[in-house]
Amino acid sequence: MTATPGFGNNLVHLSVLIQRRFTQLCAEHDLTNAQAQLLCLVKDRPHGMSELGRLLGLAKPGMSGLVDRTERRGLVQRCSAEHDRRACRVSSTPLGKEIGDALYADVAARLPGIADQLSPADRRLLEDLVAAVIGATASDPCLADADPARW
């Protein structure tokens, strides 16, 4: 099936709208987008540094810098993995979990507002289509662990 002309550009425009709204929500919680994504990934369970780097699309130096900055704010902590003392896992602190949960709630409540101009039927259709696209990416090994239900 061939996409209609301009569909790619419309998708980019939609992603810009989503990123702007997400950036506003992050700023209200005094977080960068990257810190917010990190907190949402570790708010319920620890993750290894390499796994986080893969999920966030960051190389090792970038991942280390992000964790360093977020750790200095008291939002995450590093700990050694039980099976390998050389491996490092990142978990949220109580403050990080509190902020991550609050951001998660705000994203769930306020980000969908970008579709407020749609009729209820069109909004449900959009929700179903987005879920279908996300479900289709589950077969992609690079995206399989990026479960949107955790957000």
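Residues numbered from 1 in each chain as written. Predicted model: local features only at pLDDT ≥ 70, side-chain atom pairs only at ≥ 80, totals over all residues. Heavy atoms only, no water.

**Student:** Break down the overall build of the protein chain for me, with residues and values.
**Tutor:** When helices and strands are tallied, the protein chain shows six helices and three strands. For the protein chain, the residues scored as buried account for 26% of the 151 residues in total. The long-range share in the protein chain, meaning contacts at least 24 apart out of those at least 6 apart in sequence, stands at 55%. With an accessible surface of roughly 9600 Å², the protein chain has 59% of that area assigned to carbon and sulfur atoms. (Helix = DSSP H or I, 4+ residues; strand = E, 2+ residues; numbered from the N terminus. Buried < 20%, exposed > 50% of the residue type's maximum accessible area, 1.4 Å probe, protein only. Contact = heavy atoms within 4.5 Å. Areas by Shrake-Rupley, 256 points an atom, 1.4 Å probe, with all protein chains shown as cover.)

**Student:** An account of the pattern of salt bridges is requested, with residue identities and associated values reported.
**Tutor:** Within the structure shown, the criterion is met by eleven salt bridges. Of the charged contacts in the structure, one is a salt bridge between Lys43 and Asp101, with a shortest N-O distance of 3.4 Å. Taken together, the positions of Lys43 in the loop between α2 (33-42) and β1 (47-48) and Asp101 in helix α5 (residues 94-110) put the pair 58 residues apart, joining distant regions of the chain. Asp101 is the partner of Lys97 in a salt bridge, and the nearest nitrogen-oxygen pair spans 3.0 Å. In this pair, Lys97 and Asp101 both sit in helix α5, four residues apart, roughly one turn of the helix. (Salt bridge = Lys/Arg side-chain N within 4 Å of Asp/Glu carboxyl O.)

**Student:** Could you give me a rundown of the sheet that holds strand β2 (residues 76-80), with the residues and numbers involved?
**Tutor:** Strand pairing within a sheet occurs via backbone hydrogen bonds; the two strands may be parallel or antiparallel. In space, the three strands of this open sheet follow the order β1-β3-β2, with antiparallel pairing throughout. In the strand order of this sheet, the two ends are held by β1 and β2, each with one partner. Sheet topology places β1 next to strand β3 (residues 88-92); two bridges connect them, and they run antiparallel. Counterpart to Gly48 in the pairing with β3 is Arg89. With respect to the sheet, helix α4 (residues 60-72) is in contact with β2 and β3, its orientation differing from that of β2 by roughly 120°. (Pairing = 2+ DSSP bridges. Axes fitted to C-alpha atoms, helices over the stretch in contact; angles between N-to-C directions.)

**Student:** Explain the packing of helix α3 (residues 49-56) against α4 to me, and be specific about the residues and the numbers.
**Tutor:** Here α3 crosses α4 at 105°, and the two axes come no closer than 10 Å. In this view, α3 runs roughly perpendicular relative to α4, as classed from their interaxial angle. Touching Met49, Leu52, Gly53 and Leu56 of α3 are Met63, Ser64, Leu66 and Val67, all from α4. Its residues assigned to classes, the contact of α3 with α4 shows six nonpolar, two polar and no charged. (Parallel < 35°, antiparallel > 145°, perpendicular 65-115°, else oblique. Nonpolar A, V, L, I, M, F, W, Y, C, P; charged D, E, K, R; others polar.)

Read these as spatial facts, not as claims about activity.
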